[in-house]
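# Fold and contact review
Residues per chain, in single letters:
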Amino acid sequence: QVQLVESGGGSVQAGGSLRLSCAASGSIFSIDAMGWYRQDLGKQRELVAAISSEDSTNYADSVKGRFTISRDNAKNTVYLQMNSLKPEDTALYYCNLRGNLYGKIEVWGQGTLVTVSS
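Here's a quick rundown of the structure. (Residues numbered from 1 in each chain as written. Predicted model: local features only at pLDDT ≥ 70, side-chain atom pairs only at ≥ 80, totals over all residues. Heavy atoms only, no water.)

The phi dihedral of Asp-55 is positive, around 70°, even though this residue is not glycine. Tracing the sequence through the fold places Asp-55 in the loop between β5 (46-52) and β6 (57-59). The phi torsion at Ser-84 lies on the positive side, around 50°, for a residue other than glycine. One can find Ser-84 in the loop between β8 (77-82) and β9 (91-100). The partly exposed category is assigned to Ser-84, whose relative accessible area is 39%. (Helix = DSSP H or I, 4+ residues; strand = E, 2+ residues; numbered from the N terminus. Buried < 20%, exposed > 50% of the residue type's maximum accessible area, 1.4 Å probe, protein only.)

Written out as C-alpha cells, the structure is:
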C-alpha cells in the first residue's frame, strides 16, 4: 500500500513563501508522475503543478513564474516551492501520485492547508 505524507503548509502574509513536501512510502514499482492539486471551499479541485518521471513539468497558468515543482527520485519526494503568494492561493493542497504496482495506481495525500492573508 502506498501512502503520501505531506508537510509544509501554514499561514503566511501576501508576498511570502512556503515550501510543501510530499513523501511517498510503501510498495510501488515505479512512479509516472507526482503533483500538487488544490481545492478551496465551494470550488473544484484543480491542478497546481505536476512533474513526470522524466522531469517534465506542468503548471497552472495562475502559478506560473511563482511556483516551482521539483522531485527527489531517490527519496520518492516531491516539493512545491511557492513564492509571491497571493490570498487567492489559499486552499487545501493535495499531493498526487500516479504510478505502477501490478497495474496503474493513483494515490492522494490527506491535504495540507495553505492560508495567505492580505
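Still more to cover.
Once that is clear, we can look at the sheet that holds strand β1 (residues 3-7). Paired through their backbone hydrogen bonds, the strands of a sheet run either parallel or antiparallel. Pairing is antiparallel across the open sheet formed by four strands, whose spatial order is β1-β3-β8-β7. Edge positions in the sheet fall to β1 and β7 (67-72), since each of these pairs with one other strand and no more. Between one strand axis and the next, the sheet turns through 15° on average, direction left out of account. (Pairing = 2+ DSSP bridges. Axes fitted to C-alpha atoms, helices over the stretch in contact; angles between N-to-C directions.)

Right, let's talk about the pairing of strand β11 (residues 112-117) for a bit. Burial along β11 is one-sided: the residues Thr-112, Val-114 and Val-116 are buried and none of Leu-113, Thr-115 and Ser-117 is. Note: strand β2 (residues 10-13) against β11, four bridges, orientation parallel. Across the sheet, residue Val-12 finds its bridge partner in β11, namely Val-116. The pairing of β9 with β11 spans three bridges and is antiparallel. Paired with Ala-91 across the bridge in β11 is Val-114.

Another aspect to go through is the nonpolar core. Among the nonpolar cores identified, the biggest contains 29 residues, and Met-34, Trp-36, Leu-80, Met-82 and Tyr-93 are the most heavily contacted of them. Those elements that place two or more of their residues in this core are β3 (18-25), β4 (30-39), β5, β7, β8, β9 and β11. With residues up to four places along the chain from it excluded, the contact list for Met-34 reads Leu-4, Cys-22, Ala-24, Ala-50, Ile-51, Ile-69, Arg-71, Asn-76, Val-78, Cys-95, Asn-96 and Leu-97. (Core = buried A, V, L, I, M, F, W, Y, C linked by side-chain atoms within 4.5 Å. Contact = heavy atoms within 4.5 Å.)

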